[in-house]
Amino acid sequence: GRTVPNVGPEENRQAVARFLVEEKGYAREDIEVGPEIVLNLADGVYRSRIDLVVRLDGAAVMAITCAAGALGSWERQTLAAARLFEPLQVPYAVVSDGREAAVLETTAGHRVGDSLADIPSEHDARRMLQSAGRGRVDWDDRIHRTWPASRMSRCSTRCVWPPIAMALHASTPPVSRSRSSSVH
């Protein structure tokens, strides 16, 4: 696509993508760069991006945030993205600075790894998909696990939570996604 200076977040993204290809066995084509999440809610459209999404045979297996600084401060946002990215949850959420990583299991939100070495390999991710598959999770349950009700109930009409609460009553999930490029 376009030329981006290889500094800060881009440097981290490049390091993580390179690690996935060189050390974990993923093909470059398995790594989607910068896909967008679009939430169509009652009061408007909310957009966000995920740094990297790893796919195997079309199924998203990892949503990755490439961040500088304290990785723990990005875990909640990355879990939310993995839970809302598409109708079937992405099984793993990863936060990495290119040197360290926090690996989270998306359904329960538990940390299952604390290093780059703990990121599932292509072989392990494929085996996980074949044995466990990807279960469909009810939209209401995904929203409640993503944004706790305690935060929704304390909000005024100007914060982001009320539109999310309104989405709980939507008949279909208000999520759509636009595809981006793969790693080149």
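Described in the following lines is the structure provided in the data block. Everything numeric here is computed off the predicted structure, so don't read it as measured data. (Residues numbered from 1 in each chain as written. Predicted model: local features only at pLDDT ≥ 70, side-chain atom pairs only at ≥ 80, totals over all residues. Heavy atoms only, no water.)

A separate point is the overall build of the chain. A tally of helices and strands in the chain yields six helices and 10 strands. Here the chain, with 184 residues, has 47% of them falling under the buried criterion. If you take every contact in the chain between residues at least 6 apart in sequence, the share linking residues at least 24 apart comes to 60%. (Helix = DSSP H or I, 4+ residues; strand = E, 2+ residues; numbered from the N terminus. Buried < 20%, exposed > 50% of the residue type's maximum accessible area, 1.4 Å probe, protein only. Contact = heavy atoms within 4.5 Å.)

Okay, the side chain of Glu75 next. Following the sequence through the fold, Glu75 ends up in helix α2 (residues 75-84). What makes Glu75 buried here is its relative accessible area of 15%. Beyond its immediate chain neighbours, meaning those up to four positions away, Glu75 contacts Val95, Ala102, Leu104 and Arg111.

Here we take up the environment of Arg55. Structurally, Arg55 can be placed in strand β4 (residues 52-56). Separated by 3.1 Å, the side chains of Arg55 and Glu86 make a polar contact. (Polar contact = N/O pair within 3.5 Å; in protein donor to acceptor, adjacent residues only side chain to side chain.)

Here is the key point about a regular strand: its side chains alternate between the two faces of the sheet. Counting buried positions along strand β7 (residues 101-105) yields four of five residues, so the element is predominantly enclosed. Here strand β6 (residues 92-96) runs beside β7; their pairing, made up of five bridges, is antiparallel. Directly across from Ser96, in β7, lies its bridge partner Ala101. In textbook terms, the turn of a hairpin is the stretch between consecutive antiparallel strands, and for β6 and β7 this stretch comprises four residues, one of which, Gly98, has a positive phi near 90 degrees. In the sheet, β7 pairs with strand β8 (residues 111-113) via two bridges, with the strands oriented antiparallel. Looking across to β8, one finds that Val103 is bridged to Gly113. (Pairing = 2+ DSSP bridges.)

Right, let's get into the pairing of strand β3 (residues 44-49). The sheet contact formed by strand β2 (residues 36-41) and β3 spans six bridges and is antiparallel. When the sheet's bridge partners are listed, Leu39 is paired in β3 with Tyr46. Remark: two residues form the turn of the hairpin made by β2 and β3, two consecutive strands paired antiparallel.

Looking now at the pattern of salt bridges. For the structure on display, the rule yields 10 salt bridges. Salt-bridge contacts for Arg47 lead to Glu36; the nearest nitrogen and oxygen are separated by 3.4 Å. Residue Arg47 is located in strand β3, and its partner Glu36 is located in strand β2; the two are separated by 11 residues in the primary sequence. Taking relative accessible area as the criterion, Glu36 reaches 13% and is therefore assigned buried. Among the ionic pairs, Arg111 bridges to Glu75, the shortest N-O distance being 2.0 Å. Of this pair, Arg111 sits in strand β8 while Glu75 is found in helix α2, placing the two residues 36 residues apart along the sequence. The exposure class assigned to Arg111 is partly exposed, which follows from its relative accessible area of 41%. Here the salt bridges share partners, and the residues they tie into one network are Glu32, Arg55 and Glu86. (Salt bridge = Lys/Arg side-chain N within 4 Å of Asp/Glu carboxyl O.)

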